[in-house]
Amino acid sequence: MGTMVLAKLRSFTFWVFLFLGFQEIHCSVTYDRKAIVINGQRRILISGSIHYPRSTPEMWEDLIMKAKEGGVDVIDTYVFWNVHEPSPGNYNFEGRYDLVRFLKIVQKAGLYAQLRIGPYVCAEWNFGGFPVWLKYVPGISFRTDNEPFKRAMQGFTEKIVGLMKSNNLYESQGGPIILSQIENEYGKQSKLLGQAGYNYMSWAANMAVGLQTGAPWVMCKEDDAPDPVINTCNGFYCDQFSPNRPYKPTMWTEAWSGWFSEFGGPIYQRPVQDLAFAVARFIQKGGSYVNYYMYHGGTNFGRTAGGPFITTSYDYDAPLDEYGLIRQPKYGHLKELHRAIKQCEQALVSADPTVTSLGPLQQAHVYYPETGVCAAFLTNYDPNSAVKVLFNNLHYNLAPWSISILPDCRNVVFNTAKVGVQTTHMEMLPSNAQIFPWESYNEDASALDDSSTMTALGLLEQINVTRDTSDYLWYKTSVDISPSESFLHGGELPTLLVQSTGHAVHVFVNGQLIGSAFGTRENRRFTFTEKVNLHAGTNKIALLSIAVGLPNVGGHFETWNTGILGPVVLHGLDQGKWDLSWQKWTYEVGLKGESMNLASPNVISSVAWMDSAIAVPNQQPLMWHKAYFNAPDGDEPLALDLRSMGKGQAWINGQSIGRYWTAYAHGNCNGCSYTGAFRPPKCQTGCGEPTQRWYHVPRSWLKPTRNLVVLFEELGGDPTKISLVKRSVSTVCAQVFEYHPTLKNWQIESYGRTQELHKPKVHLRCAPNQYISSIKFASFGTPLGTCGTFQQGPCHAPASYAVLEKKCIGKQRCAVTISNSIFGQDPCPNVLKQLSVEAVCAPV
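None of the values given here were measured: they were computed from a predicted structure. (Residues numbered from 1 in each chain as written. Predicted model: local features only at pLDDT ≥ 70, side-chain atom pairs only at ≥ 80, totals over all residues. Heavy atoms only, no water.)

Draft legend 1. The arrangement of the pattern of salt bridges in detail. Counting across every chain of the model gives 36 salt bridges. Residues R659 and D471 are paired through a salt bridge, measuring 2.7 Å at the closest nitrogen-oxygen approach. Here R659, found in strand β38 (residues 655-661), pairs with D471, found in the loop between α11 (462-466) and β25 (472-481); they are 188 residues apart in sequence, far enough to count as distant. Per residue, the accessibility class of R659 equals that of D471, and both read buried. Here R699 ties to E636 by a salt bridge, and the two come within 3.8 Å at their closest N and O atoms. (Salt bridge = Lys/Arg side-chain N within 4 Å of Asp/Glu carboxyl O. Helix = DSSP H or I, 4+ residues; strand = E, 2+ residues; numbered from the N terminus. Buried < 20%, exposed > 50% of the residue type's maximum accessible area, 1.4 Å probe, protein only.)

Draft legend 2. Fine view of the sheet that holds strand β7 (residues 74-78). The strand order around the closed barrel formed by eight strands is β6-β7-β8-β9-β10-β11-β12-β14, and the pairing between neighbours is parallel. Between one strand axis and the next, the sheet turns by 30° as a mean value, whatever way the strands run. The pairing of strand β10 (residues 217-220) with strand β11 (residues 230-235) spans three bridges and is parallel. When the bridges of β11 are listed, M219 appears paired with N231. Lying over the sheet, helix α2 (residues 57-69) contacts β6 (45-50), β7 and β14 (289-296), oriented at roughly 140° with respect to β14. (Pairing = 2+ DSSP bridges. Axes fitted to C-alpha atoms, helices over the stretch in contact; angles between N-to-C directions. Contact = heavy atoms within 4.5 Å.)

Draft legend 3. Focus on the packing of helix α5 (residues 147-166) against helix α7 (residues 195-209). It is at 11 Å that the axes of α5 and α7 come closest, and there the two elements cross at 25°. The angle between α5 and α7 falls in the class roughly parallel. For the pair α5 and α7, the sense of crossing is right-handed. Within the contact between the two elements, α5 uses F149, K150, M153, Q154 and T157 and α7 uses Y200, W203, A204 and M207. Per-class residue counts for the contact of α5 with α7 are six nonpolar, two polar and one charged. (Parallel < 35°, antiparallel > 145°, perpendicular 65-115°, else oblique. Left-handed = near helix turned anticlockwise from the far one by under 90°. Nonpolar A, V, L, I, M, F, W, Y, C, P; charged D, E, K, R; others polar.)

Draft legend 4. Summary view of the environment of N668. Relative to the elements of secondary structure, N668 occurs in the loop between β38 and β39 (684-685). Of the residues examined, N668 reaches a relative accessible area of 43% and is grouped as partly exposed. The contacts of N668, once residues within four sequence positions are left out, are Q684 and C687.

Draft legend 5. Representation of the nonpolar core. M164 and L337 are the most contacted members of the largest nonpolar core, which has 126 residues in total. Element by element, the count of residues in this core is highest for helix α8 (residues 272-284), at nine residues. Setting aside anything within four residues of it in sequence, one finds M164 in contact with L99, V100, L103, L115, L169, Y170, Q173 and I177. Formed by 47 residues, the second largest nonpolar core is a distinct cluster that contains A445, L591, F629 and L640. (Core = buried A, V, L, I, M, F, W, Y, C linked by side-chain atoms within 4.5 Å.)

Draft legend 6. Representation of α8. Between its first and last C-alpha, α8 extends 18 Å over 13 residues, near the 18 Å set by a 1.5 Å rise per residue. Across the 13 residues that make up α8, a large majority, 13, are buried. Just past α8, the residue G286 takes up positive phi, approximately 115°. (Expected span 1.5 Å × (residues − 1).)

Draft legend 7. Broad picture of helix α14 (residues 800-808). All buried positions along α14 are accounted for by S800, V803, L804 and C808. Viewed end-on, α14 has its buried residues packed into an arc of 100°, placing them on one side of the element. Residues of α14 that are buried sit in contact with β43 (761-765), β44 (770-781), β45 (813-817) and β46 (834-843). Just downstream of α14, G810 is the residue with a positive phi angle, here 85°. (Arc of directions from axis to C-beta.)

Draft legend 8. Molecular detail of the side chain of S288. With respect to the helices and strands, S288 occurs in the loop between α8 and β14. Excluding its chain neighbours within four sequence positions, the residues that come into contact with S288 are K34, A35, I36, R43, I44, L45, P249, T250 and F282.

Draft legend 9. Main features of the packing of aromatic side chains. Counted according to the given criterion, the structure contains 51 aromatic pairs. Consider the rings of W81 and F156, whose centres lie 5.0 Å apart with planes at 15°: the pair is stacked. Highlighted residues: W81 in helix α3 (residues 81-84) and F156 in helix α5, separated in sequence by 75 residues. Measuring from ring centre to ring centre gives 6.4 Å for Y660 and Y695, while their planes differ by 75°; the resulting arrangement is edge-to-face. (Phe/Tyr/Trp six-rings, centres within 6.5 Å; stacked < 30°, edge-to-face > 60°.)

Draft legend 10. Just unusual backbone geometry, in detail. Residue G118 is joined to P119 through a cis peptide bond whose omega torsion reads 5°. In this model, G307 is joined to P308 through a cis peptide bond whose omega is 5°. Here P308 shows up in the loop between β14 and α9 (330-343). The backbone phi angle of Y316 is positive, close to 65°, even though this residue is not glycine. Turning to its location among the elements, Y316 is positioned in the loop between β14 and α9. Despite not being glycine, N597 has its phi angle at roughly 55°, a positive value. Within the secondary structure layout, N597 lies in the loop between α12 (592-595) and β34 (610-611).

What follows is the structure, given as structure tokens:
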């Protein structure tokens, strides 16, 4: 079929000749049906998503180097239009938005990059990454065959590509970028829109290809992606996915490592055994590119969280936690998976798998290219039972819902269900920083600043008024009550009904908070209903409507409403129903504290701050609080513990650490099994606790002394109970069987020879500046339970504690070989034994 000609026509091949002395360097990225091809070599590529605005520049190098150490080849990031072009033609690439700096750190680490320009990103990010001003371009309709939208989208895409080219960041220029993405998860929307959707999608693909980046373009979840753009898969599992052309590689742009959280919901965790199983399933079927979404989730600083109702933490149960610390066992188990896959790379990119049945729910995928190398994946799809299978005349034990990887078709080096790395438990520990003295200022709900108000007949949509410059919009009106009203003479109080399109409202009558109401991410609309105690004469009604992040997903979400659109009705008056919706309303955007910039350490205001001990006991709503603290010792990540507060926003030295809300999690936290298909509701934690209690304070934002913390509290709360805590390792556990598979026992050059196998080891490691202070549990034999709940089983080596204490106490890290000789004798012959350990870490 003219493969050589097709390859040339259907791939991007760009050659750059850079002469360094007499050396000629060739840089090219192309693809074929098997893989991305870099400089002539097919590659199995492991990628990890790290979003640069969700961490600080001071964190980037550490995050990227940890990803590299974890076996990642590619760093993947979206590009966030709304932070880079906050107003038309005005660009921002400074600080956390310094995309060029981020990519140069990727390059310095020796890694590749995938740049997902979008510019729609979804990502639980405010407005899906679109700048709000785009909504007000005349005649615009988002993500369809609409000229104003296409013109704006092309302008931003060209801006980003031009910036990358001018900094020599594409692989064809010697840079790290090997892939780019245009649009994002458009397939479903495209089908709903019919021909207009198809036209837009085709235009976007052709526009991107025409920019001549020297690297292939991809479209995720877009089955119709036209050549030469590669269509890719997103999801919890992608082993059933195939690209839309036989000459394109099989790529997984989002392997979901966990899930996001929303205020009032539980925390979702994805077991690493299932994630590893999903990745191995994809690779064994011929997949050659896997990107973990997320590898580091980070923090939605400021008002960047979307949803609405997405938490400030974007931890995502990723291998690196929100603070950039390694999450074990997820990080370590995936690292071992990546090493095992890379041992199979030559076979994987050189042949197609031969699939044979090993049982009713068991299969072997065997790669046996002409070069003579061989790799096999033995799979047990049964979620309930372990099995013993016969493969190549040898027997292999397969755990439920697992895959064993054999880089030589003989020796198992990794099983997705057998975790041999430690489990690390993190705690928020007190720091030595005292926050004092707390002072407070009341945001008067009844006062109006005439310079920042407008009036209109009827109720206005919130974002049309605020343009998202603030989460807050005041709706204020008044009602005149006759002295003859029955409720003033012992009758039943009238009821105020306020219907909102989202996302929250605090209702004040004559300056007093009478109640609040909130929507949810699934149902933004809600109704507030409450009895109101009005007096004769003029009564002031003030509704503080609050946005909790703009929507980031859904058909034409730019048209969705926010705020109070009514009806607003008083029931129970002598006249019956009084509809206030169409009377005169006064609107005030934002808070007085925002306009006075109370969060800034550089502004001297005339505000009369008062001692919080006087202001706080009343649990007053709409309060600004401030205090100072010195930076604590050490280098552990820091967070504010805001459990004593209600709902609002917080700043450190003028920089917003995000929205906070002590909303208690509702869910079903009844344990979790790694076996069987994963969906977020399957593995929930944190029920009955605040969805988010701790809020990341980057150390790079701090000065040695006199750091200003400011909060705006909507509901009440006690700031004097706020504390600054350190995130640190508290305990480490390990649980390893005596015949745990290991790469050290596999060497092709010793194939067929007799040699002593390496015994598996338990490895324990506390954080830097910590040591193992005690062994909380140790048992070699048949211990029961999991980390934190270990118990001795019927078989136990009496020397277990003594061996672990001798090897590990006083050390930052230790390793203990799992063998009978180490523990004195075989505590139970002919029984498969394991070593389970829990050790306590303490600061040096």
